[in-house]
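Remarks on the overall topology
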Amino acid sequence: MDSVGVAADAGPGSAWRSKCPWGAPNTTSISCSFADVMSEQLAKELQLEEENAAFPEVVAVAEGPFITGENTDTSSDLMLAQMLQMEFDREYDAQLRREEKKINGDSKVSISFENYRKVHPYDSDSSEDEVDWQDTRHDPYRADKPTTTPRRGFIGKGKDITTKHDEVVCGRKNTARMENFAPEFQVGDGIGMDLKLSNQVFNALKQHAYSEERRSARLHEKKEHSTAEKAVDPKTRLLMYKMINSGMLETITGCISTGKESVVFHAYGGESATEDKVIPPECAIKVFKTTLNEFKNRDKYIKDDYRFKDRFGRLNPRKIIRMWAEKEMHNLTRMQNAGIPCPKVVLLKKHVLVMSFIGQDQVPAPKLKDVTLSSEDMKKAYHLILNMMQQLYKECNLVHADLSEYNMLWHDGKVWLIDVSQSVEPTHPHGLEFLFRDCRNVSQFFQKGGVAEALNERELFNAVSGLNITADNEVDFQEEIEALEKRNEDHVQNHGKRLSRFSSSGDPPIYDE
Ligand code: ADP
Ligand code: MG
């Protein structure tokens, strides 16, 4: 322990010190009075200082190493206490489980000690945490679609016939379609009020919603750079410490990005390999945020959706977040296997995903939206992306679902795809709509960027999906997309089976046999 001010520099001991064979002890002590030593205030301040050093609230990029191998073990009593507690809890739970088993034996009626468990938040390894991530038909965050008029263009019989041009039906459909605008775009309860929107009004609103979406993305981007928000909670830090302790990572240097749903760190890879994997020299650690503020905004997408009543009610928010991390891992692996340039997965631990770093010497590769490319490179980037979208669709059976210049990095003369936690299979109830949105983003970006041969969004959609939707305007095109999705959903409802893929000639779709 540090001596506090009672030692004096000169005094009877100084002659002895100068002769001492072990050299002089360090005498950089701070002098203060005995009253201060006894002061509770001082003790509190010292304690606070120590805790702050262990769990700084804000993580800034230029702070120097964020976590290193050297400061893992003894830097904080709190950290050690947490680790011990975690170990204790685990042993306690294991003992409970043994007793539960002994008491229940083969009996048909069993009792459960569940309520006595000390399941540690964020640190439970129990198998009930595993979720059926692959069932991507079940996207919790999307509303049911409005009903669409079938391809033949009318419904009903005789005098009750209504066509897709019927004003009232059209108006209601437009109102329902507003549900598909970005979640942050408040549309009110138009359906409840039986609001009928004319095409003209709907199109104007839609245009506004798109530009708002883009504006909010730009704002978000600004915030990302200006605020190093509270980066991670102590439990996540502990997870990260463990990665260093195990030798998997060498140092976590700092935060690259703090987004709405994730925080991304840079780290240098360690020596030890996991599951025969070589650790890349530089890694990115994506921490999915466990604070649910952002996810709550999406409530409206789940609450009335019959598909999630059974499954989703059972999942707690913590598990849902892990599911996103897990989805990102599996989607990246599929892409890796197809040879699409993307980060390589190193390890997934709960809501923390470690992958290879795209960039060099701690500097992440720029997003396409931030880099100024020559017209040659721009053209090259476009063709690479066209190819990647086709590969993603055909070989990986995936639609990115958040593809834009924000999630494509330019590195080593190529385009790299990132951020695939929300990617879904094309036969997802809204898969084709997502693909269409991706196509719109890509097409607009390259057309504005001066790539003359860039296909428009509808051509791009057909080129990627192999579908042959002929509508020559966006409204009809989307209507056909929704009709295809609807047929797929009906098939799932009637046959309990999903489509393996959509047919290339449009009709009829190819089903799983
Ligand atoms: P979010 O869902 O928050 O948008 P992203 O996966 O897009 O999460 O990551 C946010 C940012 O972090 C990206 O825009 C990129 O700058 C950086 N990033 C993410 N993964 C990597 C990686 N593997 N290598 C380099 N930078 C990365
Ligand atoms: Mg992103």
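Since this is a predicted model, take the numbers as computed values, not measurements.

Describing the site of ligand 1
- The full set close to ligand 1 counts 15 residues, and S262, K286, I358, K367 and D419 are the nearest of them.
- In the environment of ligand 1, an oxygen atom lies 2.8 Å from a nitrogen or oxygen atom belonging to the side chain of S262.
- Taking N407, its side chain carries an N or O atom lying 3.1 Å from an oxygen atom of ligand 1.
- For ligand 1, whose free accessible area comes to 540 Å², the fraction covered by protein is 90%.

A word on the environment of M388
- Of note, M388 is situated in helix α12 (residues 375-394).
- Residues within four places of M388 in sequence aside, it is in contact with I340, P341, V415 and L417.

A word on the side chain of T236
- Within the fold, T236 resides in helix α7 (residues 234-245).
- In this structure T236 comes out as buried when scored by relative accessible area, which is 2%.
- Within the structure, the side chain of T236 is placed 2.5 Å from the side chain of D233, a separation counted as a polar contact.
- For T236, the residues in contact, after removing those within four places along its chain, are V287, H351 and V352.

Considerations on the nonpolar core
- Counting residues in hydrophobic clusters, the biggest one holds 59 residues, and the most contacted among them are I385, M389, F446 and F461.
- A per-element tally of this core places α12 first, with nine residues.
- A domain split of this core shows at least three residues from each of domain 2 (231-364) and domain 3 (366-500).
- Contacts of F446, omitting those with residues within four sequence positions, involve L368, M378, A381, Y382, I385, V451 and A454.
- Within the second largest apolar cluster, 20 residues are counted, among which are L239, I252, V263 and V346.

Let's talk about the coordination of the magnesium ion (ligand 2)
- Around the magnesium ion (ligand 2), the protein contributes the donor atoms N407 (OD1) and D419 (OD), at 2.2 to 2.3 Å from the metal centre. You can see N407 sitting in the loop between α12 and β11 (408-411) and its partner D419 sitting in the loop between β12 (414-417) and α13 (431-448), a full twelve residues away along the chain.
- The class of N407 is buried, set by a relative accessible area of 7%.

Procedures and definitions
Per chain, residue numbering runs from 1 following the sequence as it is written. Chain letters and ligand numbers both follow the written order, the letters beginning at A and the numbers at 1. Whole-chain, interface and lining totals are the exception, using all residues; otherwise, since this is a predicted model, local features are given only for residues with pLDDT of at least 70 and side-chain atom pairs are given and counted only at 80 or more. Only heavy atoms go into the side-chain values, all of them from the structure, while hydrogens and water stay out. Any residue with a heavy atom positioned within 4 Å of a molecule or strand is treated as near that molecule or strand. Residues adjacent in sequence count toward polar contacts only when both atoms are side-chain atoms; beyond that, a polar contact is any pair of N or O atoms within 3.5 Å, and within protein one must be able to donate a hydrogen and the other to accept it. Areas reported here follow the Shrake-Rupley algorithm with a probe of radius 1.4 Å; residue values treat only the protein chains shown as occluding. Each helix is a run of H or I in the DSSP string that is no shorter than four residues. Each strand is a run of E no shorter than two, and both are numbered from the N terminus. The contact definition used throughout considers only heavy atoms, calling two residues in contact when any of these lie within 4.5 Å. Relative accessibility thresholds used throughout: buried, under 20% of the residue-type maximum; exposed, over 50%; partly exposed, between the two (1.4 Å probe, protein chains only). Throughout this description, the term nonpolar core refers to a set of buried Ala, Val, Leu, Ile, Met, Phe, Trp, Tyr and Cys residues connected via side-chain atoms within 4.5 Å. For the domains described, the bounds stem from an automatic or database domain assignment. Only N, O and S atoms count as donors, using a 2.8 Å cut-off from the metal and 3.2 Å for Na, K and Ca, and because water is excluded some sites may appear unfinished.

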